[in-house]
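# Working through the structure, step by step
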Amino acid sequence: MGCFFCKSHPFSLLISSFLCFISFSFSFSTVSISETSNLTLVCALVPSPELNRSSLNCSSFPSPGIQTPFHPNDSFTGIVSGDGFLCGFRPSLSSSNVSVMHCWRFFNNGTTMEFKRIYRGPALNQLEAGNSHICGLNATNALDCWQWPEFNPTGDQNFSEIAVGEGFVCGLSEDGKISCRGNGAGVTGEEPKGNYQVIAAGFRHACAISRGNDLQCWGNTVVDDTPRGKFNALALGLNRSCALWTNGTVICWGENNFSLPQELERRSFITIKAKRNVFCGVSTLDFSLFCWGDAMFNSTSMVFSQVLPGPCRATCPCGSVSGSGSFCSNGGSICQACVSIAPSLPSAPSPQPQNRSTSSDWNGRMIAFLVVGCVGSFSLLLVVGFFVFRYCKGRGCRVHDSGRLEETVSPSPTNRVSNQPQASLAHAVLEKRPSQLTSLANTGGLEEFSLEVLIQATNNFSEDHKIGTGSFGSVYRATMDDGREVAIKRAETMTSTSSYAVGTVRQEDKGNAFVNELQYLSRLHHKNLVRLLGFCETSDERVLVYEYMRNGTLHDHLHKLQSSPFMSWATRLRIALDAARGIEYLHEYAVPPIIHRDIKTSNILLDATWTAKVSDFGLSLIGPEDEKSHLSLQAAGTVGYVDPEYYRFQQLTNKSDVYSFGIVLLELLTGLKAIHHNENGAPRNVVDFAVPYIGRNEIHRVLDSRVPAPTPFEIEGVASVGWVAAACVRAEGRHRPSMLEIVKSLEKALTDCLLPPTFSRSSTESST
């Protein structure tokens, strides 16, 4: 789609061409269908004019089926779904230039739901989902895909529209040519020739509508009864299809004589959607949603009495859907599709009046207006963008939150950093009553322990059971009555200072640390994060109970123990990769994203199978979604690991965690502490010692002498870890890699390091 199909009145042409690339290509569905096991989930964006927003509403068949814990205030631009998943796309709440995609996965016949963010970045121009995969068009109309690790969208071709099937994706180029990629037997490599304006994909077949509104289908499951006529929309499922005549009525065909239910034959629809066996359409008359194709919809074909027929837009070059303006705030409306309409065949139901123009109305003068308008508007936006960039560069267009950020996270996964003053937020955290903490913990399925049980398990918190110190108190090892080995962290009861943090740790800060650990770990679930089992909270005691990490801390294995299995490079790289994946989860997949703030070797623990897990979230904070933004607050962390940029300017970003992780990598490589003594007994930072040698490609001069020298098979992987570590500790955060990039680099380094493992475990598979 593009300006080629804008309205053809000469005066309006110049105006619409000014807006062509702003409002043209935002193609999002407001209706989605998901089939999993024996359940069907139909979701739609439902207008809420009184709230000036649309909310996500879902119905499960048969009822109650899949439970959907959506917050009524959550607002999305578009939704897509497939087998066992539902995803919503929305602008970021922290930055107008960033959008995010959140996905829910349902398991166990819909009784269990998992939530995470799978995309954060520039706004997408289109988003589509097949039965298993999700693909979109980015800002340059290039193809991006998710949940499809084996698929690599190669080539530099850009598309104006895409459709996703089972194992394949098809796209339309700007000149209407079809190109399909992936493993769609009978689809990929069999694309029809010609110029097309609409494309759709089913499970194993695809169809397209030409610029003359003719229908063409191909694939292994295409039957001979494909209808002939003039169409403007498609919905394809599993061995069955439906199409929208140019007059708005629907025709269906396919396996087992599939057809539209008789009671819907004369109803006019704005748009239609399909997934496997279920088809749905938005009625032109009242925007109600009807579904068919499965026996469960025979008597209850209306699913929602009113839905949003499309996303709200500020301008509509090809006209608005009649009556849709009342659903949109700030004068917006829902746009008609920009497709050329040819007269329908006489055999089709009589068409309704059409306000769109055909391609025959175009002449040279109109095209000249179009070209001048688009080029001029593009130049104007470039100039405006340049001045906005200069302004932001000089003034700093950033998230700026004064004071400490200790915000309590609502159970709604889409909440973000509040504009409420942070001092009052911290005070509110400290004022939490036991019942509120219990409610917070119960949302994460935590067990509430009695103080008497914990006192008995630790022999009244005796020194014999004490194994360490955390962010807000001492840690004890205990065995519960059911045989579980646990680690119990008890909050200190007096004001004290601690060497672990930059500055003094106040009792108020320790209270915040307790709540931080409880609220974060109660909702974070990853194989490389220490698991919180439960808690105990009384008027005098605050205690957290964790899984026990039998093999202690990475710090002990590097700097204290005389005998350790960490005397091989493959082992050390595995530990580094495990820890990196845990931090990557916090930065990239936790919603909201989390900055740990105290990454160090003593906070990387090892379980009975030697899997490394990140622990101690007492200093953690909700981070900004935009990587260019920061939180402004007093530096905290551990001396030797704290990001110097964060310490100097008191501006915290997730790149501060990256710096700390770089120190961990240098410790793994050198065997030296973050701050250690040189040959003359003077304190020295491991960065000052190791990075100059790494920069001169002389990493062999700094490697831990206790570990055998790398073999020819290992040296490439070890050297690449050195380069990653050096990049992590660069002076400016913007020059450091993201944790996503670090994980990929460490995965490759471990592959290059071919030495067999020294003990049985499996931690090289991605668990995010």
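Every value quoted in this text rests on a predicted model; they were computed, and no experiment measured them.

## Thoughts on the pattern of salt bridges
A side chain with one charge may pair with a side chain of the opposite charge, provided their charged atoms come close. What the rule picks out here adds up to 23 salt bridges. For Arg484, the salt bridge identified is with Asp482, shortest N-O distance 2.8 Å. A salt bridge links Asp607 to Lys613; the shortest N-O distance between them is 3.9 Å. With respect to burial, Asp607 and Lys613 carry one shared label: buried. Each of the salt bridges in this network shares a partner with another, and the network as a whole consists of Glu447, Asp482 and Arg484.

## Remarks on the nonpolar core
Residues Phe661 and Ile742 are the most contacted members of the largest nonpolar core, which totals 61 residues. Put simply, the parts of the chain that give this core at least two residues each are helix H8 (554-559), helix H9 (569-589), strand S33 (604-606), strand S34 (612-614), helix H11 (654-670), helix H12 (686-695), helix H13 (715-728) and helix H14 (739-752). Counting residues per element, this core draws most heavily on H9, at 12 residues. Other than its neighbours up to four places away in sequence, Phe661 contacts Ala576, Ala579, Ala580, Ile583, Ile599, Met739, Ile742 and Leu746. Formed by 32 residues, the second largest nonpolar core is a distinct cluster that contains Val31, Cys58, Val307 and Val321.

## A short note on the packing of H13 against H14
For the pair H13 and H14, the least separation of the axes is 7 Å and the interaxial angle reads 160°. Considering the angle they form, H13 stands roughly antiparallel to H14. In the packing of H13 onto H14, the handedness of the crossing is left-handed. Contact residues: H13 offers Glu716, Gly717, Ser720, Val721, Val724 and Cys728, while H14 offers Ile742, Ser745, Leu746, Lys748, Ala749 and Asp752. Considering only residue class, the contact of H13 with H14 consists of 6 nonpolar, 3 polar and 3 charged.

## Focus on the packing of aromatic side chains
Any two aromatic rings considered together are summarised by their centre-to-centre distance and by the angle between their planes. Counted under the stated rule, the structure contains 13 aromatic pairs. The structure contains a cluster of three or more aromatic residues connected by ring pairs, namely Phe28, Phe89, Tyr119 and Trp146. Directly above the ring of Phe76 sits Arg90, whose terminal nitrogen or CZ lies 5.3 Å from the centroid.

## Section: the sheet that holds strand S21 (residues 278-283)
Note: strands within a sheet are paired through backbone hydrogen bonds, in either parallel or antiparallel orientation. Ordered in space as S20-S21-S22-S23, the 4 strands form an open sheet in which the pairing is antiparallel. Strands with a single pairing partner mark the edges of an open sheet, and in this sheet they are strand S20 (269-275) and strand S23 (302-304). Direction aside, neighbouring strands of the sheet carry axes that sit 30° apart on average. By the bridge criterion, 4 bridges tie S21 to strand S22 (residues 289-292) in an arrangement that is antiparallel. Each bridged residue has a counterpart across the sheet, and for Val282 the counterpart in S22 is Leu289.

## Notes on the state of the cysteines
Inspection of the entire model under this criterion finds 7 disulfides. In this model, Cys170 is linked to Cys180 through a disulfide, with the two sulfur atoms separated by 2.0 Å. Looking down the S-S bond of the Cys170 and Cys180 bridge, the torsion is 105°, so its handedness is right-handed. With Cys170 in strand S12 (residues 168-172) and Cys180 in strand S13 (residues 178-182), this pair connects stretches of sequence that are 10 residues apart. Note that Cys207 is cross-linked by a disulfide to Cys217, the S-S spacing being 2.0 Å. Classification of the bridge connecting Cys207 and Cys217 rests on its S-S torsion, roughly 110°, and on that basis the disulfide is right-handed. Placement of the pair is Cys207 in strand S15 (residues 205-210) and Cys217 in strand S16 (residues 215-219), with a sequence separation of 10 residues.

## Quick look at the sheet that holds strand S19 (residues 250-254)
Pairing is antiparallel in the open sheet, where 3 strands are placed in the order S17-S18-S19. Pairing within the sheet leaves two strands with one partner each, and these edge strands are strand S17 (231-236) and S19. Taken pair by pair, the neighbouring strands of this sheet meet at an average axis angle of 20°, ignoring direction.

## Let's talk about the pairing of S21
Across the 6 residues that make up S21, a large majority, 6, are buried. Both faces of S21 are covered, namely the face carrying Val278, Cys280 and Val282 and the face carrying Phe279, Gly281 and Ser283. The pairing of S20 with S21 spans 6 bridges and is classified as antiparallel. Bridged to Ile272 within S21 is Gly281. Hairpin connection, S20 to S21: the antiparallel pair is bridged by 2 residues, and Arg276 has positive phi, about 55°. The hairpin turn running from S21 into S22, its antiparallel successor, is 5 residues long, and Phe287 in that turn takes a positive phi close to 60°.

Conventions we followed
- Residues numbered from 1 in each chain as written.
- Predicted model: local features only at pLDDT ≥ 70, side-chain atom pairs only at ≥ 80, totals over all residues.
- Heavy atoms only, no water.
- Salt bridge = Lys/Arg side-chain N within 4 Å of Asp/Glu carboxyl O.
- Buried < 20%, exposed > 50% of the residue type's maximum accessible area, 1.4 Å probe, protein only.
- Core = buried A, V, L, I, M, F, W, Y, C linked by side-chain atoms within 4.5 Å.
- Helix = DSSP H or I, 4+ residues; strand = E, 2+ residues; numbered from the N terminus.
- Contact = heavy atoms within 4.5 Å.
- Axes fitted to C-alpha atoms, helices over the stretch in contact; angles between N-to-C directions.
- Parallel < 35°, antiparallel > 145°, perpendicular 65-115°, else oblique.
- Left-handed = near helix turned anticlockwise from the far one by under 90°.
- Nonpolar A, V, L, I, M, F, W, Y, C, P; charged D, E, K, R; others polar.
- Phe/Tyr/Trp six-rings, centres within 6.5 Å; stacked < 30°, edge-to-face > 60°.
- Lys NZ or Arg CZ within 6 Å of the ring centre and 35° of its normal.
- Pairing = 2+ DSSP bridges.
- Disulfide = S-S within 2.5 Å.

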